[in-house]
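# Observations on the three-dimensional arrangement
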Amino acid sequence: MNATAEVRFFPQTHFQQLEMRFDAEYGVMWHFMKPKPRPVFNVQLLAELRAFHGSIEQQGGVTWDNGEERRIRYLVLGSKAPGVYNLGGDLTLFREAITKKDREKLMEYGRRCIDNIYPWSRNLDLPLTTVALVEGDALGGGFECALSASVLVAEESTRMGFPEVLFNLFPGMGAYSFLARKIGRRAAEELICGGNLYTGRQLYDMGVVDVLAPDGAGEAAVYSFIRKHAKAGNGRRAIEMVRREIEPVTREELMRVVEIWADAALRLTDRDLKMMDRIVRAQNKGTELEVVSTNITPITTLQLAS
């Protein structure tokens, strides 16, 4: 059992959609998403994530444990929703904005997402490592969030993918930027445009997932990675900085893509919006999936409730 201590930045009650704990032995700040009523990136969850990460930035990457200052070396984001990491963007908000032709509302939501994803992708510009722990389905923006971490840890049977193509849109908060740098432009486009879901095992084989964990052993895999990483932590973090220098993802790039996404969203037809409504219902009920065999590898395709 690893020693844990409560987060000291804010009283826990200040957050309704986040839960935190700190492991002093390894310097791991764990935080877990608890969005309501659906496991998506609603505005409140985005605000709480930014506030929490902002507090870590302001404190220079330290917290306090039993009156002693402790450095945060690993910042891990997971989920408390059973079987779900995050199902993506707030499609109800999207639909309302599209119906009203409210481009600014779409842009404001996009800015909130980039306000989170950009510093997270840069390890908050602190000597720490961001880790996404995916123990359940990560769709759309949930997958984008996981991709933006320095390290993506996923259990073998978790399912990830981008359903946006099903309603004639694309994931506009970093998917292309992060995937193209990780696996190349062609593979990124195939993954984004196919509308398929992939298991953690498949994505590990593709080079998307960094650490593969047996089902039910996600946290143990994080600790295994940390023990290995910590043996040369200074050098490993320097490599993470080199990666950002060689293939930088800038805030300006991410925001330009958000603009393209918002304009594309405003061109959706009534038929597209009806499909979006079906996905909202699937988010409310949980996604229904079936395995489809291909000549190359089994993939999972999103099946929507009618």
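Calculation notes
- Residues numbered from 1 in each chain as written.
- Predicted model: local features only at pLDDT ≥ 70, side-chain atom pairs only at ≥ 80, totals over all residues.
- Heavy atoms only, no water.
- 1 Å grid on protein atoms, 1.4 Å probe; cavity = no way out; pocket = protein on both sides within 12 Å on 5 of 7 lines; lining within 4 Å.
- Points joined across faces, edges and corners; volume = space filled by probe spheres on them.
- Helix = DSSP H or I, 4+ residues; strand = E, 2+ residues; numbered from the N terminus.
- Nonpolar A, V, L, I, M, F, W, Y, C, P; charged D, E, K, R; others polar.
- Axes fitted to C-alpha atoms, helices over the stretch in contact; angles between N-to-C directions.
- Parallel < 35°, antiparallel > 145°, perpendicular 65-115°, else oblique.
- Contact = heavy atoms within 4.5 Å.
- Core = buried A, V, L, I, M, F, W, Y, C linked by side-chain atoms within 4.5 Å.
- Buried < 20%, exposed > 50% of the residue type's maximum accessible area, 1.4 Å probe, protein only.
- Pairing = 2+ DSSP bridges.
- pLDDT = per-residue confidence, 0-100.
- Patch = residues over 30% accessible without salt bridge, like charges linked within 9 Å, V, L, I, M, F, W, Y side chains within 5 Å.
- Areas by Shrake-Rupley, 256 points an atom, 1.4 Å probe, with all protein chains shown as cover.
- Salt bridge = Lys/Arg side-chain N within 4 Å of Asp/Glu carboxyl O.

## So, empty space enclosed by the protein
Under the defined criterion, the tally for this structure stands at 1 cavity of 30 Å³ or more. Taken as a whole, the largest cavity spans an internal volume of roughly 370 Å³. In terms of lining residues, the largest cavity is bounded by 36 residues, among which Phe41, Gly88, Gly89, Gly141 and Glu144 are the most central. Looking at the lining of the largest cavity, the elements that each hand over two or more residues are α1 (43-58), α2 (91-99), α3 (103-121), α4 (141-148) and α11 (270-285). Ranked by the residues each element gives to the lining of the largest cavity, the list is headed by α3, at 5 residues. When the residues that make up the lining of the largest cavity are grouped by side-chain class, the tally is 24 nonpolar, 10 polar and 2 charged.

## Structural notes on the packing of helix α8 (residues 218-230) against helix α9 (residues 233-246)
One way to put it is that α8 packs onto α9 with a least axis distance of 7 Å and a crossing angle of 100°. Of the possible angle classes, the one that applies to α8 and α9 is roughly perpendicular. On the side of α8, the interface is formed by Phe225, His229 and Ala230, while α9 contributes Gly233, Arg236, Arg237 and Glu240. Residues belonging to the contact of α8 with α9 are distributed by class as follows: 2 nonpolar, 2 polar and 3 charged.

## Side note on the nonpolar core
Counting 71 residues, the largest nonpolar core has Tyr85, Phe94 and Leu106 as the members making the most contacts within it. Looking at which element gives the most residues to this core, the answer is helix α10 (residues 251-266), with 8 residues. Setting aside residues up to four positions removed in sequence, Leu106 forms contacts with Phe94, Ala97, Ile98, Trp261, Ala262, Ala265 and Leu266. Residues Phe32, Val76, Phe225 and Ile226 belong to the second largest nonpolar core, which totals 16 residues.

## Focus: unusual backbone geometry
Of the consecutive residues Lys36 and Pro37, the connecting peptide bond is found in the cis state with omega at 0°. You can see Pro37 is positioned in the loop between β2 (28-33) and α1. In this model, Asn66 sits at a positive phi of 55°, which is unusual for a non-glycine residue. Tracing the backbone through its elements, the reader meets Asn66 in the loop between β3 (62-65) and β4 (68-71).

## Focus on the sheet that holds strand β12 (residues 211-213)
For sheets, the rule is that strands pair by backbone hydrogen bonds, running either parallel or antiparallel. If you walk across this open sheet you meet the 6 strands as β1-β2-β5-β7-β9-β12, and the pairing is mixed. Single-partner strands in this sheet number two, and they are β1 (18-23) and β12. On average, each strand axis in the sheet is tilted by 20° relative to the strand beside it, whichever way the strands run. With 3 bridges joining them, strand β9 (residues 151-155) and β12 adopt parallel strand pairing. Considered in β12, the bridge of Glu155 is made with Ala213.

## Some details on the confidence of the model for the protein
Overall, the prediction assigns the protein a mean pLDDT of 89, with 89% of residues at 70 or greater. For residues 1-11, every residue scores under 50 in pLDDT, and the model assigns this stretch 35 contacts once sequence neighbours within four places are set aside. Here residues 287-306 scores under 50 on pLDDT; set against residues more than four positions off or in separate chains, the count is 45 contacts.

## What about a nonpolar patch on the surface?
Together, Ile239, Val242 and Ile246 make up an exposed nonpolar region whose accessible area comes to about 310 Å². If you trace the backbone, Val242 turns up in helix α9.

## Things to note about the pairing of strand β11 (residues 196-199)
The side chains of a regular strand alternate, residue by residue, between the two faces of the sheet. Residues of β11 alternate between two faces, with Asn196 and Tyr198 on one and Leu197 and Thr199 on the opposite face, all of them buried. When strand β10 (residues 159-161) meets β11, the two strands line up antiparallel, connected through 3 bridges. Following the sheet pairing, Arg159 is matched in β11 by Thr199.

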